[in-house]
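Structural overview for review
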Amino acid sequence: MTPEAAGDGAAGDRSGPLAGILVADFSRVLAGPYASMLLADMGADVVKVESPRGDDTRTWVPPTRDGVSTYFLGVNRNKRSVALDLADDDDVALARELAGRADVLLENFRPGGLDRFGLGYEAVAEVNPGIVYASITGFGSGGGRALPGYDLIVQAISGLMSLTGDPDGPPYRAGISIFDVMTGLHATIGVLAALNHRSATGRGQHVEVNLLSSALSGLVNQSSAVVAGGVVPYRMGNAHPSLFPYDALPTADRELIITAGNDGQFRKLCEVLGLPELVDDPRFRGNQDRTANREALRALLVERLHTRTADAWFTDLIAAGVPCGPINTVDGGVAFAEQLGLDPVVRIGPDAVPSVRHPISFSVTPARHTLPPPDLDEHGAAIRGWLQGPDERAERRPA
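Conventions used here
- Residues numbered from 1 in each chain as written.
- Predicted model: local features only at pLDDT ≥ 70, side-chain atom pairs only at ≥ 80, totals over all residues.
- Heavy atoms only, no water.
- Axes fitted to C-alpha atoms, helices over the stretch in contact; angles between N-to-C directions.
- Helix = DSSP H or I, 4+ residues; strand = E, 2+ residues; numbered from the N terminus.
- Parallel < 35°, antiparallel > 145°, perpendicular 65-115°, else oblique.
- Contact = heavy atoms within 4.5 Å.
- Nonpolar A, V, L, I, M, F, W, Y, C, P; charged D, E, K, R; others polar.
- Buried < 20%, exposed > 50% of the residue type's maximum accessible area, 1.4 Å probe, protein only.
- Pairing = 2+ DSSP bridges.
- Right-handed = clockwise from strand over helix to strand, strands pointing away.

To continue, consider the packing of helix α3 (residues 89-101) against helix α15 (residues 380-388). Between α3 and α15, the least distance of the axes is 10 Å, while the angle of their chain directions is 70 degrees. When the axes of α3 and α15 are compared, the pair comes out roughly perpendicular. In this structure, α3 contributes L94, E97, L98 and R101 to the contact, and α15 contributes R384, W386, L387 and Q388. Here the residues of the contact of α3 with α15 sort into four nonpolar, one polar and three charged.

Structure (structure tokens):
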């Protein structure tokens with residue numbers, strides 16, 4: 001029995017591909033909570049362990065909904081909260097008991113930060129050999145163990161900011177904490193892979209991810225240009241170093257993203273724009289030619305695009321098979337997803353708290369959206385009572 005099953009009846013539907021998996025979530029802020037929310041959406045029973053002050057993002061405002069930080073709401077649904085003070089011996093004992101019963105422990109303390117409480121990997125694995133113990137750090141557990149792991153710092157150090165912004169302007173951060181999110185995804189992948197290994201062998205393991213490694217992996221073609229080609233990329237605004245057109249191009253009213261990524265798409269673009277002669281122009285015949293002569297081609301495309309609105313071009317270009325899209329604000333992105341029938345917004349619990357739908361669809365074991373983000377220690381009494389009772393999960397825990 002998990003604490004969700006033993007709780008107060010508010011657990012909701014326990015279906016999903018990870019039903020029956022217990023996650024002890026000692027993480028806070030973004031990367032860890034995002035990972036644990038994805039696991040919870042897929043059916044895992046996630047116990048969010050918070051300090052008596054609560055997750056930092058509870059106080060990251062504005063904006064708010066009914067006085068609650070929307071930042072916190074965005075990454076903490078489907079979890080149950082218990083406040084444990086690791087400076088208190090009794091609470092530490094409960095934390096160890098939770099770790100001993102869990103299938104997965106997720107944490108983003110500085111490397112070794114939980115060791116002094118008997119909650120490091122070695123200590124937990126000694127009593128719970130099947131534990132999948134996932135650690136998220138900023139710069140790994142070696143030479144970077146003392147460095148603070150903030151997304152903005154990693155955006156700077158990794159080189160992402162050197163690529164973001166206008167060529168003649170200053171570097172910029174991405175509009176979201178992109179490497180926190182990416183690292184949370186990598187943590188989720190690592191946990192799922194380790195659970196699969198455990199199902200085959202009975203053995204758990206320590207899964208480690210860090211923001212800088214996730215950043216360098218996530219820079220894909222740009223980091224590959226450095227390590228494989230010896231080329232240092234630079235800021236190009238919205239342009240692409242290897243493709244054109246793959247850019248924001250101005251129309252009569254606003255910019256439109258147009259991504260004609262191959263010769264066929266470029267031909268269709270030229271047909272819709274009424275510029276068929278460009279297809280056979282030797283300056284633009286292949287992608288390498290178009291990229292080398294991008295400024296000349298850009299001027300010709302923009303001259304024609306200026307004659308109509310972005311929406312008008314969007315309709316005709318999409319109909320012709322040319323990938324493109326308007327530059328929306330976030331509310332426009334949500335509205336467009338609604339127009340496509342993707343149902344991006346779900347409403348959770350008796351207060352109908354709005355949340356963004358889990359991004360993965362399963363034909364047999366759909367994701368759930370049943371528990372709204374918890375108040376601090378909302379489920380503390382039920383979880384403490386469960387931890388103080390017999391461990392009914394011990395019989396099925398891997399040896």
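Still to come is the rest of the account.
Residues L22 and A24 line one face of strand β1 (residues 22-25) and the alternating positions V23 and D25 line the opposite face, and both faces are buried. As paired elements, β1 and strand β2 (residues 45-50) share four bridges and run parallel to each other. Bridge pairing in β2 links V23 to V46. Following the backbone out of β1, through helix α1 (residues 31-41) and into the adjacent parallel β2, one traces a crossover that is right-handed. Pairing between β1 and strand β6 (residues 104-107): three bridges, direction parallel. In the sheet register, A24 faces β6, and the bridge partner there is L105.

Here the focus is the sheet that holds strand β9 (residues 246-250). As summarised here, the arrangement of the three strands in space is β9-β10-β11, forming an open sheet in which the pairing is antiparallel. Of all strands in the sheet, those with a lone pairing partner are β9 and β11 (324-326), marking the two edges. Adjacent strand axes in the sheet meet at a mean angle of 25 degrees, parallel and antiparallel pairs treated alike. Both β9 and strand β10 (residues 255-259) contribute to a ladder of five bridges, which runs antiparallel. Residue pairing for β10: A248 is matched across the bridge by I257. Across the sheet, helix α13 (residues 310-320) is in contact with β10 and β11; its angle to β10 comes to roughly 20 degrees.

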